[in-house]
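Tertiary structure, described
If you want the building blocks of each chain, they are given just below.
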Amino acid sequence: MVGLSLGEKHFIKGGIDQNIRSDGRKRDYYRPIFVKTGVIPQANGSARVRMGATEVIASVKAELGKPSALHPDKGKVAIFVDCSAVAEPTFEGRGAEELSAELSVALERCLLGGTSGAGAGIDLTSLIVAEGKICWDLYIDSLVISSDGNLLDALGASIKAALANTAIPKVNISAAASADEQPEVDISDEEFLQFDTSAVPVIITLTQVGRHYIVDATSEEEPHMSSAVSISVNRKGHVCGLTKRGGEGLDPSVVSDMISVAQHLSELLMSRLDSEISAAEAEIGDDEES
Amino acid sequence: MEFVNPEGLRLDGRRPMEMRQLRAEIGAVARADGSAVFEMGNTKVIAAVYGPREVQNKSQLSNDQALVRCEYTMANFSTGDRKRKPKGDRRSTEISLVIRQTMEACILTHLMPRSQIDIYVQVLQADGGTRSACINAATLALADAGIPMRDLVTSCSAGYLNSTPLLDLNYLEDSAGGPDVTVGFLPKLDKVTLLQMDAKLPVDIVENVMQLAIEGCKAIATYIREVLLENTKQLEYRRGL
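Note that residues are indexed from 1 along each chain, following the sequence as it is written. In the order they appear in the text, chains get letters beginning with A and ligands get numbers beginning with 1. Local features in a predicted model are, by the rule used here, given only for residues with pLDDT of at least 70; side-chain atom pairs are given and counted only at 80 or more, and totals for whole chains, interfaces and linings are based on all residues. To obtain the side-chain values, all non-hydrogen atoms of the structure were included, while hydrogens and water were left out.

What follows deals with the interface of chain A and chain B. Between two residues, a contact is recorded if the distance between any of their heavy atoms is within 4.5 Å. At the junction of the two partners, chain A supplies 31 residues and chain B supplies 26 residues. Where chain A abuts chain B, roughly 2,500 Å² becomes buried across the two surfaces, and 51% of that area is made up of carbon and sulfur atoms. The buried area of a pairing is the accessible area, by a 1.4 Å probe, that goes missing from both parts when the two are put together, added over both. Contact with chain B buries area across many residues of chain A, yet Val86, Pro89 and Glu92 of chain A alone supply 23% of it, more than any other trio. Whenever a carboxyl oxygen of Asp or Glu lies within 4 Å of a side-chain nitrogen of Lys or Arg, that contact is scored as a salt bridge. The tally of links from chain A across to chain B stands at 2 salt bridges. Here Arg31 of chain B makes a salt bridge to Glu88 of chain A, at a shortest N to O gap of 3.7 Å. A 3.5 Å cut-off defines polar contacts: any pair of N or O atoms within that distance qualifies, except that in protein one atom must be a possible hydrogen donor and the other a possible acceptor, and neighbouring residues in sequence count only when both atoms are side-chain atoms. Across the contact surface, chain A and chain B share 11 residue pairs in polar contact (both at pLDDT 80 or more). Only runs of H or I of at least four residues qualify as helices and only runs of E of at least two qualify as strands under DSSP, and these elements are numbered from the N terminus. Broken down by secondary-structure element, the contributors of at least two residues to the side of chain A that touches chain B are strand S3 (54-65), strand S4 (76-83) and strand S6 (134-146) of chain A.

This is the structure we're talking about:
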């Protein structure tokens, strides 16, 4: 990425102060969002989300596995993020390892709740097939193909869309199995259960530049941040996860203010994503019928 | 297992000399100097070109030509079973080398000394012929970046199963254990720049199968030319010409 001159930096900061950013948006506007689901046919669910010039693909694959001994009634979910070199030459080789790890952990924190599985946005109990023996393991893989800032929000939106597109096959367990044996499973090719995504939160990242916060920062705005807070909020307006990045300290009142701003913005983003996702799913339905 | 049934149809309903459906899109990655998405049937790859730009590693700098670098990666979800390690495995390293050598041979590197051209190819869906799709996508991306080349490089694969030469193998046909011939071809200059084959093939059949792959390359070249022409028309239109 080419460095910015002092004049450009002043321009960007001044614009944010006056509520007109360099692409014409106000501080609390998101860039245009496009969602396309079902882009990876061999996955159980997938989605491609574009926010401005940032583009990510998420895919969900479900495999049968054994639940952990600590939580015999819960399935497992693992989230991996891979930043492709296609997006940024610096992501070549192992250059993106740190960023990928940071994003994976932030997403797991926002969507999966604590180590006990409590408070997860994804209902893990719906993934159980036979308690203590067989559960579904969901592997959510995300790939960043174009990077222009605000990767975390785009990834959160793509995972939400991919989960909405996910269909988990129905499993029939043969009843004649004793308590110790692994029961035989018959994975249906015909019947599928659509995954319930009503509780999946959206992630809003607020970047503080100077005295104001902006939402959906582009890659030219991100270097100016003093700190950034990423908040995941669910449909009910409850905060599901929070991450603060950036060196500068924040006054506690500023943090509470950011949380309320994020809660307000999450309603808009949630409804926008919902309409985009249902439009994308309807498109697939039309294609299948025609 | 029958790969060509008595009526002459393959597993996916194609004829032996029929290629899969091609689809290309230029300019998919906004930040790259040139980018393209190339689909051959269910195989989908995205290529991005960054360059010519300043050489990052001064020890590799060359005073009389540009340095061409390439990285091939497969996405976690690209194959039927999840891949754990997207990059760094031996197959990816080999294919990165193959693509780099093929593209380097046709880029006019002497016009851009002391600079670096990076080609990144990412496989989004793998269903056989990923090597060929990557080379085709890289050609489009290089053209989109405006990098001078001797000719378009196109690539296609061909095989020989049930005593029939087959064009453009998909994953099932490729993993059948029969030969897989990949050809990289310069259509205008009429020269072969890449030739790879695995498994056994009788000597008198090799010529046939290679010729079939070359025909496939010529067809892809026609398609790529159409796509580039359409893209140029769009650019002219947007500039008001």
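Moving on from the model shown.
Right, let's get into the UniProt feature "domain: Exoribonuclease phosphorolytic" (unreviewed entry) in chain A. Residues given the UniProt feature "domain: Exoribonuclease phosphorolytic" (unreviewed entry) here are residues 30-169 and 200-263 of chain A. Annotated as residues 200-263 of chain A, this span is 19% helix and 41% strand, and its ends, taken at the C-alpha atoms, are 14 Å apart. UniProt positions are given in the numbering used here, feature names are shortened, and annotations may be inferred rather than shown by experiment.

Residue and element names in this part refer to chain B. A simple rule labels every residue: compare its accessible area, found with a 1.4 Å probe on the protein chains alone, to the largest value its type can have, and call it buried under 20%, exposed over 50%, or partly exposed in between. The element strand S6 (residues 154-161) is extensively covered by neighbouring structure, given that 7 of its 8 residues are classed as buried. Between any two strands, at least two bridges found by DSSP are needed for them to pair. With 6 bridges connecting them, S6 and strand S8 (residues 180-186) associate as antiparallel partners. From the neighbouring strand, Cys156 faces S8, where its bridge partner is Val183. Here S6 runs beside strand S7 (residues 164-167); their pairing, made up of 4 bridges, is antiparallel. Paired with Gly159 across the bridge in S7 is Leu166.

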